[in-house]
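Residue-level structure breakdown
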Amino acid sequence: MSVIEIILLGVGLSMDALAVAVCKGLAMRKVDKKQCFATALAFGGFQFLMPVIGYLLGSTFAKYIRSIDHWIAFFLLLYIGGKMAIEAIREWNEKPQIDEMDPPLDVKELLMMAVATSIDALAVGVTFSFTPHFNILGASSIIGCTTFIISFGGVYIGNIFGSKSEKRAQLLGGLILIAIGTRILITHLMGLE
């Protein structure tokens, strides 16, 4: 997998985090830089950690499923990407619920959101384990940094522009994951790996 593909994968995986970051930005009258940094760090950190955990879990079982690993990777990415795209389309016209403007940073809530938005990255980490000699720390670092940057920007986007582009970004992220999963399957079936 090339660096560009890993960056695109990171973009796709970070769309849930972007949606949450945009909502955090919507709730701020003026962007609080500490909250912005904490949000981006939590989302980026978990997007780094979860693929590593998935990779370690997948590596444990990789020898047993090597003959069908490309199908597993394809269906996991198809499911994750499809779910993101369907949620984006279903919620296209919904308006975000904001209970109070400029709420204080709730660390427990932030960590729960970071875990929830990075579950997909755990599954992607499992797919990485099917690739021999894969540099999981490098790939996870790229995914984590990509998510950090996108989440950081998401708070500002939410504060400035509102939620108009949030669902489009989530739909695009889902389509990117589906495309990468399809490429993995086609590459394997054609013997191009």
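Below is a summary of the structure that appears in this document. (Residues numbered from 1 in each chain as written. Predicted model: local features only at pLDDT ≥ 70, side-chain atom pairs only at ≥ 80, totals over all residues. Heavy atoms only, no water.)

1. Quick look at the overall build of the chain
- Along the chain, the regular secondary structure elements total 7 helices and 0 strands.
- The proportion of buried residues among the 193 residues of the chain is 46%.
- Sequence separation of at least 24 residues holds for 94% of the intrachain contacts in the chain that already meet a minimum separation of 6. (Helix = DSSP H or I, 4+ residues; strand = E, 2+ residues; numbered from the N terminus. Buried < 20%, exposed > 50% of the residue type's maximum accessible area, 1.4 Å probe, protein only. Contact = heavy atoms within 4.5 Å.)

2. Overview of helix α1 (residues 3–13)
- Inspection of α1 places E5, I6, L9, G10, G12 and L13 among the buried residues, and these make up the whole buried set. Viewed along the axis of α1, the buried residues span an arc of 160 degrees, placing them on a single side of the element. Turned more than 90 degrees off the buried face of α1, the exposed positions are V3 and I4. (Arc of directions from axis to C-beta.)

3. Brief notes about unusual backbone geometry
- One non-glycine residue, H133, adopts positive backbone phi at about 55 degrees.
- Structurally, H133 can be placed in the loop between α5 (107–128) and α6 (136–161).

4. What about the packing of aromatic side chains?
- One pass over the full model with this rule turns up 5 aromatic pairs.
- Between the aromatic rings of F128 and F134, the centroid separation amounts to 4.5 Å while the plane-to-plane angle is 25 degrees, which identifies the pairing as stacked. Across this residue pair, the class does not change: F128 and F134 are buried.
- Aromatic pair F152 and Y156: ring centres 5.7 Å apart, planes at 40 degrees, arrangement tilted. Taken as a pair, F152 and Y156 lie in helix α6 at a separation of 4 residues, close to a single helical turn. (Phe/Tyr/Trp six-rings, centres within 6.5 Å; stacked < 30°, edge-to-face > 60°.)

5. Observations concerning the nonpolar core
- Membership of the largest hydrophobic core comes to 20 residues, with the highest contact counts inside it found for L9, V124, F128 and F134.
- Looking at this core, the elements with two or more residues in it are α1, α3 (33–65), α4 (69–90), α5, α6 and α7 (166–189).
- Counting 12 residues, the second largest nonpolar core, distinct from the first, contains C36, F43, L110 and A114. (Core = buried A, V, L, I, M, F, W, Y, C linked by side-chain atoms within 4.5 Å.)

6. Side note on the environment of F134
- Residue position: F134 is located in the loop between α5 and α6.
- The exposure class of F134 is buried, given its relative accessible area of 12%.
- Between the alpha carbons of F134 and M1 there is a distance of 8.6 Å; along the sequence they are 133 residues apart.
- For F134, the contacting residues outside a window of four places in its chain are M1, I6, Y55, F128 and A139.

7. Side note on the environment of E87
- If you trace the backbone, E87 turns up in helix α4.
- E87 gets classed as partly exposed once you look at its relative accessible area, which sits at 24%.
- As a C-alpha pair, E87 and G174 span 87 residues in sequence and 9.5 Å in three-dimensional space.

8. Describing helix α2 (residues 15–26)
- Along its 12 residues, α2 runs 16 Å from first to last C-alpha, staying within 8% of the 16 Å computed at 1.5 Å per residue.
- Counting buried residues along α2, 11 of its 12 residues qualify, which places the element largely inside the surrounding structure.
- If you check which residues of α2 are buried, you get M15, D16, A17, L18, A19, V20, A21, V22, K24, G25 and L26. (Expected span 1.5 Å × (residues − 1).)

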